[in-house]
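Descriptive structure summary
Here is how the chains run, residue by residue.
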Amino acid sequence: MSQDKLVIFDTTLRDGEQSPGASMTKEEKIRIAKALEKMRVDVIEAGFPIASPGDFESVQAVARAVTESTVCGLARALDKDIDRVGEALKDARSARIHTFIATSPIHMERKLRMSPDEVVEQAVHAVKRARNYTDNVEFSAEDAGRSELDFLCRIFEAVIDAGARTLNVPDTVGYAMPHQFGETIRLLRERIPNADKAIFSVHCHNDLGLAVANSLSAVINGARQVECTINGLGERAGNAALEEIVMAVRTRRDMFNCDSGLDTTQIVSCSKLVSNITGFPVQPNKAIVGANAFAHESGIHQDGVLKHRETYEIMRAEDVGWTQNRMVLGKHSGRNAFRSRLIELGMTFASEEELNAAFARFKDLADKKHEVFDEDLQALVTAGGIEAENERIKLVSLKVCIETGETPTANLVLTFDGKEQAVAAGGGGPVDAAFKAIDSIIESGSELLLYSVNNITTGTDSQGEVTVRLQKAGHIVNGQGSDTDIVVASAKAYINALNKIMEPNARAHPQGDV
Ligand code: KIV
Ligand code: ZN
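It should be emphasised that the depicted structure is a prediction, and the values quoted were computed from it without experimental measurement. (Residues numbered from 1 in each chain as written. Chains lettered and ligands numbered in written order. Predicted model: local features only at pLDDT ≥ 70, side-chain atom pairs only at ≥ 80, totals over all residues. Heavy atoms only, no water.)

A few words now on the overall build of the protein chain. In terms of helices and strands, the protein chain carries 16 helices and 18 strands. In terms of C-alpha radius of gyration, the protein chain reaches 24 Å, essentially the compact-globule figure of 24 Å for 514 residues. Referenced to the eigenvectors of the C-alpha coordinate spread, the extents of the protein chain come out at roughly 75 × 60 × 45 Å. Looking at the protein chain as a whole, 56% of its 514 residues qualify as buried. For the protein chain, the exposed area adds up to about 22,200 Å²; of that, 49% sits on carbon and sulfur atoms. Placing the 57 positive and 74 negative side-chain charges of the protein chain at their respective mean positions leaves the two points 2 Å apart. (Helix = DSSP H or I, 4+ residues; strand = E, 2+ residues; numbered from the N terminus. Rg over C-alpha atoms; globule rule 2.2 N^0.38 Å. Buried < 20%, exposed > 50% of the residue type's maximum accessible area, 1.4 Å probe, protein only. Areas by Shrake-Rupley, 256 points an atom, 1.4 Å probe, with all protein chains shown as cover. Lys, Arg positive; Asp, Glu negative; His and termini not counted. Charge placed at Lys NZ, Arg CZ, Asp CG, Glu CD.)

Have a look at this one:
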């Protein structure tokens with residue numbers, strides 16, 4: 001039996017970035033976009049170009065870096081937004097403009113202060129304008145989950161006539177129930193006379209924990225695009241999780257007459273990348289990508305799995321990219337082996353200098369750590385190393401003294417704009433002392449929003465991976481650092497975050513100023 005294609009539209013870089021604190025730099029967005037492309041995601045929503053010059057540049061950079069997936073930019077149903085997306089996507093091999101306007105009575109009356117007729121007119125105008133840039137135009141009826149069915153039929157029919165080829169039904173506030181949301185999709189497809197000219201899409205938020213269930217119910221009722229994010233990242237309680245949608249559709253083929261065609265073995269590494277970059281940890285019991293998702297603890301389960309795997313396993317861990325920690329490289333590995341393994345892990349280098357710098361960090365690590373795993377290599381690159389050449393602050397050395405009953409002290413040497421400076425400071429603990437030492441030189445005026453430490457692999461010689469989130473004048477950045485010494489990892493993460501927050505182009509919260 002032939003199966004329909006289920007289009008996977010990933011909005012980690014746009015709606016995902018709207019999670020408070022999840023802002024990403026342009027380079028980080030490119031790295032995630034390349035990982036999504038490698039996973040064969042169909043459409044990557046890269047941002048909201050009108051929101052800020054930084055958003056515009058990121059969408060433009062993703063459009064230039066990605067060749068296999070369609071790159072999409074978001075626009076309100078306004079000429080200036082649409083023109084900005086058109087400009088940002090100019091160099092994309094395959095571009096989509098996604099324009100939206102709210103359609104629920106409460107949004108039309110209270111937020112837009114527009115009549116339903118005016119909303120339809122503006123939507124039609126926006127779609128026509130977007131068609132001047134590309135044939136691939138998506139229209140979203142914001143807050144469709146609380147909109148009237150008759151009005152949705154009316155506006156969708158009109159935008160299809162205007163040239164929209166994807167119609168998105170967002171449950172913007174996470175209000176829908178699965179049976180009712182599925183029924184809405186079925187009725188829309190039945191009642192809209194020109195429905196066959198467009199693909200129906202859904203975009204569900206997780207306020208009641210139903211984003212995935214609502215999306216799947218819509219797919220059963222004929223939706224053929226799902227908008228989702230890695231790890232379910234997103235505004236408030238998040239969006240539908242890509243990995244859950246894709247694996248549910250694949251595992252329960254008997255229920256869904258469609259498949260995504262994604263390379264699911266990329267799921268775990270993509271999840272780790274997004275978690276590292278945003279500083280949003282994945283809970284251990286999270287479906288598919290949580291550390292315990294495939295761990296069988298009880299004796300009965302272990303016994304069953306050993307006798308016959310499918311007694312307790314509905315999916316294979318390796319199908320979503322869980323591998324045994326592998327010692328891929330060691331102290332004696334050469335540059336080519338290092339480069340090849342990183343390419344296999346989806347990481348590339350813009351120049352030979354970058355590769356050389358990363359290789360030097362690898363050699364340092366291999367000296368300290370007996371076994372170097374894929375996760376270590378990923379952290380080596382994610383933890384700020386690649387951009388390090390242009391950073392204003394660089395750690396030269398750190399010595400921390402701790403003794404029971406004594407105040408911890410940190411002796412720190414760093415370079416700031418090329419000038420080497422040394423300082424000593426005490427603190428409540430070794431990390432606190434190191435941060436105070438850094439503060440005494442840098443005086444950034446930023447506020448610490450988050451400090452978190454995770455071990456990258458198992459064992460006491462594992463690297464610690466630290467995320468530091470800073471805020472200054474509405475700008476939020478995440479810094480990462482990894483090292484076998486967690487105090488050094490913390491200092492690296494703090495310095496990485498300070499470098500980002502001092503960049504002239506540091507962005508305010510995405511969509512904060514539109
Ligand atoms: O949640 C929402 O309604 C959105 C739209 C812009 C699609 O993110
Ligand atoms: Zn959304």
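Attention now goes to the packing of helix α5 (residues 116–131) against helix α6 (residues 149–162). Two elements in contact, α5 and α6, have axes separated by 9 Å at closest approach and are oriented at 25 degrees. Comparing their axes, α6 and α5 come out roughly parallel. Like other packed secondary-structure pairs, α5 and α6 cross with a definite hand, here right-handed. The segment α5 lies against α6, with P116, D117, V119, V120, A123, V124, V127, K128 and R131 engaging F151, R154, I155, A158, V159 and A162. Taken together, the residues that form the contact of α5 with α6 break down as 11 nonpolar, no polar and 4 charged. (Axes fitted to C-alpha atoms, helices over the stretch in contact; angles between N-to-C directions. Parallel < 35°, antiparallel > 145°, perpendicular 65-115°, else oblique. Left-handed = near helix turned anticlockwise from the far one by under 90°. Contact = heavy atoms within 4.5 Å. Nonpolar A, V, L, I, M, F, W, Y, C, P; charged D, E, K, R; others polar.)

For the zinc ion (ligand 2), every protein donor is listed as D15 (OD), H203 (NE2) and H205 (NE2), and the spread of their distances is 2.0 to 2.2 Å. Counting residues between consecutive donors of the zinc ion (ligand 2) along the chain gives the motif D-x187-H-x1-H. With D15 in the loop between β2 (7–10) and α1 (26–38) and H203 in strand β8 (residues 199–204), this residue pair connects regions lying 188 residues apart in the sequence. D15 gets classed as buried once you look at its relative accessible area, which sits at 3%. (Donors = N, O, S within 2.8 Å, 3.2 Å for Na, K, Ca; no water.)

The subject of this paragraph is the site of ligand 1. The local shell around ligand 1 consists of R14, D15, H98, F100, S140, E142, N168, P170, T172, H203 and H205. A distance of 3.1 Å separates an oxygen atom of ligand 1 from a polar atom in the side chain of H203. In the environment of ligand 1, an oxygen atom lies 3.0 Å from a nitrogen or oxygen atom belonging to the side chain of H205. Contact with the protein chains removes 94% of the 260 Å² of surface that ligand 1 exposes when unbound. Elements that contribute at least two residues to the shell around ligand 1 include exactly β5 (95–102), β6 (137–142) and β7 (166–171). Tallied by class, the residues present in the shell around ligand 1 amount to 2 nonpolar, 6 polar and 3 charged. (Near = heavy atom within 4 Å. Polar contact = N/O pair within 3.5 Å; in protein donor to acceptor, adjacent residues only side chain to side chain.)

With that settled, consider the sheet that holds β6. A barrel is described by the order of its strands in space; here 8 strands give the closed sequence β2-β3-β4-β5-β6-β7-β8-β9, paired in parallel fashion. The sheet shows a mean angle of 25 degrees between the axes of neighbouring strands, direction not considered. Bridging between β2 and strand β3 (residues 43–47) involves 2 bridges; their strand directions are parallel. Counted as the bridge partner of D10 is I44 from β3. (Pairing = 2+ DSSP bridges.)

It is worth spelling out unusual backbone geometry at this point. The phi dihedral of D417 is positive, around 50 degrees, even though this residue is not glycine. Mapping D417 onto the fold places it in the loop between β14 (409–416) and β15 (419–426). Even without a glycine there, the phi angle at A473 is positive, about 45 degrees. A473 gets classed as exposed once you look at its relative accessible area, which sits at 74%.

Turning next to the environment of F139. Its place among the elements puts F139 in strand β6. As for F139 and E310, which are separated by 171 residues in sequence, their C-alpha atoms are 42 Å apart.

Another aspect to go through is the sheet that holds strand β13 (residues 393–401). Taken in spatial order, the 3 strands line up as β13-β14-β15 in an open sheet, and their pairing is antiparallel. Here the strands that pair on one side only, and so sit at the sheet edges, are β13 and β15. Direction aside, neighbouring strands of the sheet carry axes that sit 15 degrees apart on average. Relative to β14, helix α15 (residues 430–442) is tilted by about 40 degrees, and along the sheet it contacts β13, β14 and β15. The sheet strands contacting helix α16 (residues 486–501) are β13 and β14, and the helix crosses β13 at an angle near 150 degrees.

On to the packing of aromatic side chains, then. Enumeration over the complete set of coordinates arrives at 7 aromatic pairs. Relative to F156, the ring of F139 lies with its centre 6.1 Å away and its plane at 80 degrees, an arrangement referred to as edge-to-face. One end of the pair, F139, is in strand β6; the other, F156, is in helix α6, and 17 residues separate them in sequence. Residue F156 is classed as buried on the basis of its relative accessible area, which comes to 0%. Ring geometry for F435 and Y494: centres 4.2 Å apart, planes at 15 degrees, overall stacked. In this pair, F435 sits in helix α15 while Y494 sits in helix α16, placing the two residues 59 residues apart along the sequence. With relative accessibility at 8%, the residue F435 sits in the buried group. Taken together, the ring pairs connect F139, F156 and F200 into an aromatic cluster. Positioned over the ring face of F56 is R84, at 3.8 Å from the centre of the ring. (Phe/Tyr/Trp six-rings, centres within 6.5 Å; stacked < 30°, edge-to-face > 60°. Lys NZ or Arg CZ within 6 Å of the ring centre and 35° of its normal.)

What follows is about the pattern of salt bridges. The final tally for this structure, using the stated rule, is 35 salt bridges. With a shortest N-O distance of 2.8 Å, D432 and K436 are connected by a salt bridge. Within this pair, D432 and its partner K436 are both found in helix α15, separated by 4 residues, close to a single helical turn. Overall, K436 belongs to the partly exposed group, its relative accessible area being 40%. Through salt bridges with shared partners, one network takes in R14, D15 and E45. (Salt bridge = Lys/Arg side-chain N within 4 Å of Asp/Glu carboxyl O.)

Next up on the list: the packing of helix α2 (residues 53–65) against helix α3 (residues 79–88). As a packed pair, α2 and α3 sit with axes 8 Å apart at the nearest point and diverge in direction by 40 degrees. One finds that α2 runs oblique with respect to α3. Here F56, V59, Q60 and A63 of α2 lie close against α3, whose contacting residues are R84, E87 and A88.

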